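Descriptive analysis of the structure
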Amino acid sequence: MSGVEAKLGELGLTLPDVVPPAGSYVPAVRSGRYVYTAGQVPLVDGKLPLAGKVGAEVTPEQANELARICALNALAAVKSVAGDLDRIARVVKVVGFVASVPEFTGQPQVINGASDLLGAVLGEKGRHARSAVGVAALPLDAPVEVEIQVELTDD
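The sections below set out a description of the structure shown in this document. (Residues numbered from 1 in each chain as written. Predicted model: local features only at pLDDT ≥ 70, side-chain atom pairs only at ≥ 80, totals over all residues. Heavy atoms only, no water.)

**Section: the side chain of S100**
- Among the structural elements, S100 can be located in the loop between β3 (88-99) and α3 (107-122).
- On the basis of relative accessibility, which here comes to 10%, the residue S100 falls in the buried class.
- Once residues within four sequence positions are removed from consideration, S100 is found in contact with K53, V54, Q107, G134 and V135. (Helix = DSSP H or I, 4+ residues; strand = E, 2+ residues; numbered from the N terminus. Buried < 20%, exposed > 50% of the residue type's maximum accessible area, 1.4 Å probe, protein only. Contact = heavy atoms within 4.5 Å.)

Written out as structure tokens, the structure reads:
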């Protein structure tokens, strides 16, 4: 078990299996020292724990927790092409999408769930640039979707 996965265990978390793609894409692509993940929705054992819009069917607190799940799924996608999460030199960028009602403006607080998880698991290597964007709808009626870009250490 890698140090990153041991840290996940200390936090009471387990790295999930890679979420299979829902379309014509792959979960993650490596280009040189960088790994780019596809957008990860908060699937757990193939199912969404909650569906709907933040500010209507889903509370901001629930959405924050769903963003944590998205980040875990993204780490699983990174591991699928990097081989070992201990190879992460740093998380470069996080992009989060929040399906929300038009008047909801708390997208940054929702995506903090993903950012906080990456920081807790990776420490300083988990600090990153980020965008948090409100959208009308996401695949499967997911409330949140997160993609990450990481830089790897040399082979």
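**Brief notes about the nonpolar core**
- Residues V144 and I148 are the most contacted members of the largest nonpolar core, which totals 40 residues.
- At the level of elements, α1 (3-10), α2 (60-82), β3, α3 and β5 (144-152) are the ones that each hand at least two residues to this core.
- The element that contributes the greatest number of residues to this core is α2, accounting for 13 residues.
- Not counting residues up to four positions away in its chain, the partners in contact with I148 are V35, Y36, T37, A74, L75, V78, K93, V94 and L118.
- Judged by nonpolar contacts, the second largest core, of six residues, contains V19, V41, A99 and L138. (Core = buried A, V, L, I, M, F, W, Y, C linked by side-chain atoms within 4.5 Å.)

**Regarding the packing of α1 against α3**
- Contact geometry of α1 with α3 gives a least axis separation of 8 Å together with a crossing angle of 115 degrees. For the pair α1 and α3, contact is made by V4, K7 and L8 and by A120, V121 and L122, respectively.
- Considered class by class, the residues forming the contact of α1 with α3 number five nonpolar, no polar and one charged. (Axes fitted to C-alpha atoms, helices over the stretch in contact; angles between N-to-C directions. Nonpolar A, V, L, I, M, F, W, Y, C, P; charged D, E, K, R; others polar.)

**Considerations on the sheet that holds strand β2 (residues 34-37)**
- Taken in spatial order, the five strands line up as β1-β2-β5-β3-β4 in an open sheet, and their pairing is mixed. Looking at which strands have only one partner, the edges of the open sheet turn out to be β1 (28-31) and β4 (129-135). If you compare each strand with its neighbour and ignore which way they point, the axes differ by 15 degrees on average.
- Across nine bridges, the pairing between β3 and β5 is antiparallel. Residue pairing for β5: K93 is matched across the bridge by Q149.
- Contacting β1, β2, β3 and β5, α2 crosses the sheet at an angle of about 40 degrees to β5.
- Relative to the sheet, α3 contacts β3, β4 and β5, its axis offset from that of β3 by approximately 160 degrees. (Pairing = 2+ DSSP bridges.)

**As for unusual backbone geometry**
- The phi dihedral of L140 falls on the positive side, at around 65 degrees, and the residue is not glycine.
- Turning to its location among the elements, L140 is positioned in the loop between β4 and β5.

**What to know about α1**
- All of the buried residues in α1 are V4, E5 and L8. Considered in projection along α1, the buried side chains sweep an arc of 100 degrees and stay on one side of the axis.
- For α1, the elements touching its buried residues are α2 and α3.
- Following α1 by one or two positions, G12 adopts a phi angle in the positive range, close to 80 degrees. (Arc of directions from axis to C-beta.)

**Here we look at the environment of V18**
- Relative to the elements of secondary structure, V18 occurs in the loop between α1 and β1.
- Beyond its immediate chain neighbours, meaning those up to four positions away, V18 contacts P27, A76, A77 and S80.

**Brief notes about the layout of surface pockets**
- If you add up the space inside the largest pocket, you get close to 250 Å³.
- As for the largest pocket, its lining consists of 13 residues, and the residues nearest its centre are P16, D17, L43, V44 and D45.
- A class-by-class count of the residues in the lining of the largest pocket yields eight nonpolar, three polar and two charged.
- Considered as a void within the structure, the second largest pocket measures approximately 190 Å³ in volume.
- Forming the walls of the second largest pocket are 13 residues, and the residues nearest its centre are A22, Y25, G39, V41 and P139.
- By residue class, the composition of the lining of the second largest pocket is 10 nonpolar, two polar and one charged. (1 Å grid on protein atoms, 1.4 Å probe; cavity = no way out; pocket = protein on both sides within 12 Å on 5 of 7 lines; lining within 4 Å. Points joined across faces, edges and corners; volume = space filled by probe spheres on them.)

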